[in-house]
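# A closer look at the structure
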Amino acid sequence: MSHDDVRLRAVMRSVVFLTAGALAVPTLAACGSDDESGKPLAGQDIAPVGRDLVADGGTLRWAVDDVPETLNTFQSDADDATTRVAQAVLPAMFRLDAQGRPQRDADFLESAKVVDTEPKQVVLYKLDQQAVWSDGREIGAADFAAQWRALSGKDSSYWTARNAGYDRIEKIERGANNLEVKVTFSRPYADWKALFSPLYPKDVMGTPDAFNDGARRKLKVTAGAFAVQKVDRKDKEIVLARNPHWWGRPAKLSQIVLAAVPLDKRAAALADGTVDLATIDPVDASRIALAGRAKGTGTPLQGASASSTSGTESTESKDENKGESPKEKKKLSKKKRKALAKYLAQQDELRAFTVRRSFEPAYTQLALNGSEGPLADERVRRAVARALDRKALAKVVLTPLGLPAVPVGSHLALSGQAAYADNSGALGDHDTAEAQALLTDAGWVAGGPVKEKGEKAAGAEGKKSKKSDDESEGGSDGQYIVGEDNKDPQDHTKKHGHGGEEGSKHLADGKQYDGRKVKQGGAPGAYAPKGTAAPAGARTGTLAKDGKPLTLRFVLPSGTGSESLSAVAESISRMLEKVGIRTEITKVSDDSYFKDHIASGQYDLALYSWPASAYPATDARPIFAKPVPAADGSLNVEQNYTRVGTDQVDQLFDQAASTLDEDESAALVRKADARIWAAAGSIPLYQRPQLTAARRTIVNAGSFGFQTPVYEDMGFLKKGAHPSASPSKG
């Protein structure tokens, strides 16, 4: 899993974003601005050139995680590949710019604006007169109306994943002519620009059967620079071809092939020509950088990757091979020589690629499960937050990649987006003494009596689960308890590696939220009452309360791409140890991580990512909404997996979604974010890095950052051409 886990706009599906490895490259300068929303921390890296420098024709092979189960972005199993297809072949009224802000798509829309607010909000869309579906029919009000009815939530026969915004529409009708669409809302809706992007033809949205099944495996009718030519599940690829009915700037490429390649196979796929463009992890980025440096030097083995392929392996295997027979040793040596030859051949091919890097429109957070145990006390959650040096944590991941190590200051937007502001001050800066004082105020003291092993610890309770396939190999020997007084950290490191890489015991076994009321409050609670003394010394012993030590279960995924999460978790654990909080790090399989742990509340601390939406009042609300009891007695948490929420935050979201003044709506979103910081249910850490391997001749493609890709401008640089400073509209 690469981890693209949780796309906001398409269902908020529970997937974990992971990052990995290290890459030493020059650091990009962070952008600064007097504007509260600032600028993106790093610009796009797509090798931009004018269209006149892009060759006509050619096929771009682009790696995706898998062939999508559906081509309908409004279904629950839609994924990033679904979105990529939709962006290339379907209309969108608005697309995102380089700052993550919605901009009118001039190929489809001449104008769109609110023309009435009383008695009801009315939006008038004026469509481009050339805008037609691939079957020749005009795009019009019938398509808008069909999509509204399908997504309104009023007809359960439509298997929709979401209906946000569409449920506020009262009616859709034709305007003064066929090119005008008039949308009347029953309630004011600030995020109306989020609607009808993408827009499907009425053939797909018109009936439940067509919606549920008609667009899962094929899209017969489209309206974009490309059209779906073939979905090949046997060869695991989707072929997009130029749309002959396209009225906009013609696509430079003849075809785009979306080829399914797992993350850990992408370096090999790039080397053998299977793909030209691929999102990669830092390990592969390091390989490509090494290959580029080796070009023309005649010394391709210089560098970390080469040493790990040759010398390191032979050193580690000396003791293991002592009992081997001469024949077995010869066979093993031959196998190693073959592997080395394969590696060197791949390195030679990887010289044709470069790494394009920026930031994803997503951030990684530390989630604190506030449903029960010590973290049900907001003072303990705030103490955890105040113990963290977020700048140092950002450096762990971003500095090796040459990206600015700037902590994220908002839960609801990223630097450059309209709603962004650094509201972390509502909780307070890194302050170990204040964290210790908060813990003291909450009743956790050093040197208190601790129950013997086998008795329940202070973390979320529940019986241990049996060993399952999501438990790492190594059993209990892999459990890493940071801050345990009776263990020598040095000996532990020697035995298990820093962070228990040898495997971790499955400890994520707490109960789900039991419905008891959790105290919530505002920013003042981020500080201990005046006069509360912090324990003496830079470090404190293990804290205890009612005979239970303060130990938190830290659950992490263990799959491909999780290396940097492990490094961040280790740093967090050491920071918490300084204030007397122990952590038990448990690694589980990727498949189990969200389903069995995060969504079900079987954790105390966890690391995962959320994307940043251009429409936070709508899209972020389910993530931070206060959990409410359902009719069957269970707790409805929506996507609020920390189970921490307040009525004030919910009210601010509702107000922001209903305020048509954009500046006022953004201000309300910022207020909501400050309240979320104060509640300390989740702590944003850093924006996720975006690394893309691209053949050096590919232009107008790579790490896009916030911006929606412009598919018709992608292509290969003309022979003899030199990149310009920025792409033109030619």
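Located above this text is the structure these notes cover.
Turning to the pairing of strand 7 (residues 180-185), a few remarks are in order. Counting buried positions over the six residues of strand 7 gives five, a clear majority of the element. As judged from the five bridges shared by strand 5 (residues 122-127) and strand 7, these two strands associate in the antiparallel manner. Paired with V123 across the two strands is V183, which belongs to strand 7. In this sheet, strand 7 lies alongside strand 6 (residues 169-174) in antiparallel orientation, the contact comprising five bridges. Opposite R174, over in strand 7, you have V181 as the bridge partner. Connecting the antiparallel pair strand 6 and strand 7 is a turn made up of five residues.

Moving on, we get to the packing of helix 10 (residues 378-387) against helix 12 (residues 432-441). One can describe the packing of helix 10 onto helix 12 by two numbers: an axis separation of 8 Å at closest approach and a directional angle of 165°. The orientation of helix 10 with respect to helix 12, classified from their angle, is roughly antiparallel. As helix 10 packs across helix 12, the resulting crossing turns out to be left-handed. For the pair formed by helix 10 and helix 12, the contact residues are R379, V380, R382, A383, R386 and A387 on the first element and T432, E434, A435, L438, L439 and D441 on the second.

Let us look at the environment of S371. In this fold, S371 is placed in the loop between strand 12 (353-368) and helix 10. Each C-alpha atom of the pair S371 and G681 lies 10.0 Å from the other, and the pair is 310 residues apart in sequence. Here N369 takes part through its side chain, which lies 2.8 Å from a polar atom of the side chain of S371.

With antiparallel pairing, the three strands of this open sheet are ordered in space as 13-15-16. Two strands lie at the open edges of the sheet, namely strand 13 (445-446) and strand 16 (548-549), each paired on one side alone.

As a further point, take the nonpolar core. Ranked by internal contacts, the top residues of the largest apolar core, which has 74 residues, are M93, Y125, F196, F226 and L240. Top element by residues in this core is helix 2 (residues 141-151). It accounts for seven residues. Counting 64 residues, the second largest nonpolar core, distinct from the first, contains L350, L565, L607 and L685.

Definitions and cut-offs
- The residue numbers shown here count from 1 along each chain, following its written sequence.
- Only residues with pLDDT of 70 or above have their local features reported here, since the model is predicted, and side-chain atom pairs are shown and tallied only from 80 upward, although totals for entire chains, interfaces and linings are computed over all residues.
- Computation of side-chain values: all heavy atoms of the structure, hydrogens and water removed.
- The buried label applies to any residue whose accessible area, calculated with a 1.4 Å probe on protein chains only, is under 20% of its type's maximum; exposed applies above 50%, and partly exposed to all values in between.
- A helix here means a DSSP run of H or I that spans at least four residues, while a strand means a run of E at least two residues long, and both kinds are numbered starting from the N terminus.
- A pair of strands counts as paired when DSSP detects no fewer than two bridges linking them.
- For helices, the axis comes from a line fit to the C-alpha atoms of the stretch in contact; other axes are also lines fit to C-alpha atoms, and the angle between any two N-to-C directions lies between 0 and 180 degrees.
- Working definition: roughly parallel below 35 degrees, roughly antiparallel above 145 degrees, roughly perpendicular at 65 to 115 degrees, and oblique for all remaining angles.
- In this scheme the crossing of two helices becomes right-handed for a clockwise turn of the near helix relative to the far one and left-handed for an anticlockwise turn of less than a right angle.
- The contact definition used throughout considers only heavy atoms, calling two residues in contact when any of these lie within 4.5 Å.
- We define a polar contact as two N or O atoms separated by no more than 3.5 Å, with the added condition that, inside protein, one atom must be a possible hydrogen donor and the other a possible acceptor, whereas residues neighbouring each other in sequence contribute only through side-chain atom pairs.
- We call a set of buried Ala, Val, Leu, Ile, Met, Phe, Trp, Tyr and Cys residues a nonpolar core when their side-chain atoms join them within 4.5 Å.

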